[in-house]
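# Descriptive analysis of the structure
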Amino acid sequence: MEKILIELQQAIESGETQIAMDKTKEALNHGIRTEKIIQTAINPAFKDLGQKMFVGEIYVTDVLMASRAAHAAMYVMEPILSRSTGTSRGIVAIGTVAGDLHDIGKNLVIMMLQGSGYTVIDLGIDVPTETFIDAIRMHKPHVLALSSLLTTTLPELDNIMDVLVEQGLRSQVKVIIGGAPVTAEYAGRIKADAYADDLFEATEAVGDLVNNRIGKYTI
Ligand code: B12
């Protein structure tokens with residue numbers, strides 16, 4: 001069983017899309033849960049790629065190939081992760097902030113939220129502040145979820161919080177932030193409502209925000 005996950009991790013890291021899809025199907029057929037596939041194959045693949053990228057052992061193009069393979073594996077899991085539970089538990093508008101093109105983690109968060117019964121409006125990557133504001137006015141989401149993977153785009157989160165206040169929208173929407181460089185301390189500093197480290201925590205936190213509960217991940 002572990003062998004399939006190791007092979008899946010290797011397929012993602014080397015950008016082998018078809019093998020990544022086959023291994024994901026094989027894992028699911030062996031009864032391995034999606035949570036385990038994400039935690040034991042997808043996350044370690046990107047941790048490893050991140051380290052190699054940092055030391056210049058691999059290039060952005062290699063990581064792009066790996067991202068394609070990861071998205072292919074996620075595509076296989078999507079029907080399970082996003083299995084709807086019927087009526088909507090709330091609306092979440094989500095996007096990766098301006099200047100940032102990372103979306104693998106955001107897309108996993110989306111699948112998990114959809115699978116937990118939330119209606120998700122995906123605004124995509126490199127989303128300008130105005131687009132977040134327009135989405136709040138148009139869709140009236142309960143929660144605005146912001147993703148940032150780069151330290152250079154972290155100030156965008158702060159900027160969006162300021163614009164929400166300026167536009168008189170802050171009390172209408174709860175804000176959750178996440179992504180590798182984001183911390184609970186930073187969420188507190190910019191007065192976001194919640195912070196979460198991964199897709200599982202994110203889903204629990206959104207549940208707390210929608211129901212006005214103070215939870216483990218609310219600030
Ligand atoms: C894949 C990747 C890319 C791909 C992205 C492809 C894609 N479609 O996403 C590509 C090749 C495009 C890329 C480009 C770049 N990247 Co890059 N990239 C990565 C890498 C290796 C993995 C990120 C990833 O997908 N992880 C897997 C997912 C599942 O995890 P995750 O994103 O963290 O998401 C989880 C949580 O964070 C959380 N989460 C995420 N979003 C949200 C949102 C909310 C609301 C919540 C609650 C939770 C949440 O839940 C997710 C699921 O569990 C990281 C290294 C790393 N270890 O993070 C570097 C990394 C983020 N990149 C980095 C850099 C420097 C770059 C480039 C500048 C490189 C360059 N020289 O061009 C460009 C920037 C492009 C841009 N403008 O955005 C640096 C950032 C350094 C920093 N501190 O700012 C990192 C850390 C690599 C490194 N060690 O140097 N990259």
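Reading the values: rules and limits
- Residues numbered from 1 in each chain as written.
- Predicted model: local features only at pLDDT ≥ 70, side-chain atom pairs only at ≥ 80, totals over all residues.
- Heavy atoms only, no water.
- Axes fitted to C-alpha atoms, helices over the stretch in contact; angles between N-to-C directions.
- Helix = DSSP H or I, 4+ residues; strand = E, 2+ residues; numbered from the N terminus.
- Parallel < 35°, antiparallel > 145°, perpendicular 65-115°, else oblique.
- Contact = heavy atoms within 4.5 Å.
- Salt bridge = Lys/Arg side-chain N within 4 Å of Asp/Glu carboxyl O.
- Buried < 20%, exposed > 50% of the residue type's maximum accessible area, 1.4 Å probe, protein only.
- UniProt positions renumbered as here; feature names shortened; annotations may be inferred.
- Donors = N, O, S within 2.8 Å, 3.2 Å for Na, K, Ca; no water.
- Lys, Arg positive; Asp, Glu negative; His and termini not counted.
- Polar contact = N/O pair within 3.5 Å; in protein donor to acceptor, adjacent residues only side chain to side chain.
- Domains from an automatic or database assignment.
- Buried area = accessible area lost by both parts, 1.4 Å probe.
- Nonpolar A, V, L, I, M, F, W, Y, C, P; charged D, E, K, R; others polar.

So, on to the packing of helix α3 (residues 34–54) against helix α4 (residues 60–81). To characterise two packed helices, one gives the angle between the axes of the helices and the distance between these axes. Axis separation between α3 and α4 bottoms out at 11 Å; the angle between their running directions is 170°. By the angle class used here, α3 and α4 are roughly antiparallel. Contacts between α3 and α4 involve Thr34, Ile37, Ile38, Ile42, Phe46, Leu49 and Met53 from the former and Val60, Val63, Ala66, Ser67, Ala70, Met74, Met77, Ile80 and Leu81 from the latter.

This structure, assessed with the given rule, holds 11 salt bridges. Notably, a salt bridge pairs Asp193 with Arg170, separated by 2.9 Å at the nearest N-O pair. Here Asp193 is found in the loop between α8 (184–189) and β5 (194–196), whereas its partner Arg170 is found in the loop between α7 (154–166) and β4 (174–178), with 23 residues between them in sequence. Note on accessibility: Asp193 and Arg170 belong to one class, buried. Beyond isolated ion pairs, a larger network of salt bridges with shared partners links Lys3, Glu7, Lys23 and Glu26.

Turning to the UniProt feature "domain: B12-binding" (unreviewed entry) in the protein chain, a few remarks are in order. The positions that UniProt labels "domain: B12-binding" (unreviewed entry) are, in the present scheme, residues 89–219. What you have in residues 89–219 is 41% helix and 18% strand, and the ends, taken at the C-alpha atoms, are 21 Å apart.

Let us now look at the coordination of the cobalt atom of the ligand. Just one protein atom coordinates the cobalt atom of the ligand, and that atom is His102 (NE2), at 2.3 Å. Within the secondary structure layout, His102 lies in the loop between β1 (91–96) and α5 (104–115).

Take the side chain of Glu201 next. Its place among the elements puts Glu201 in helix α9 (residues 199–210). No salt bridge is formed by the buried Glu201. Its closest oppositely charged neighbour is Lys216, at 6.8 Å. Looking at Glu201, its side chain comes within polar contact range of the main-chain nitrogen of Asp197, at 2.8 Å. Residues within four places of Glu201 in sequence aside, it is in contact with Ala196 and Tyr217.

Interfaces are often described in size by the accessible area the parts lose on coming together. Along its sequence, the protein chain is carved into domain 1 (2–81) and domain 2 (91–210). For domain 1 versus domain 2, the distance between C-alpha centres works out to 25 Å. Domain 1 puts 9 residues into the contact, and the matching count from domain 2 is 10 residues. Summed over both sides, the interface between domain 1 and domain 2 buries roughly 970 Å², with carbon and sulfur atoms accounting for 79% of that surface. If you sort the residues of domain 1 by the area they bury against domain 2, His71, Met74 and Leu81 come out on top, with a joint share of 52%. Inspection of the region where domain 1 meets domain 2 yields 0 salt bridges. Counting the contacts that link domain 1 with domain 2 gives 2 residue pairs in polar contact (both at pLDDT 80 or more). Taken together, the elements giving at least two residues each to the side of domain 1 that touches domain 2 come down to α3 and α4. Sort the elements by how many residues they give to the side of domain 1 that touches domain 2 and α4 lands first, with 5 residues. Counted by class, the side of domain 1 that touches domain 2 contains 4 nonpolar, 3 polar and 2 charged residues.

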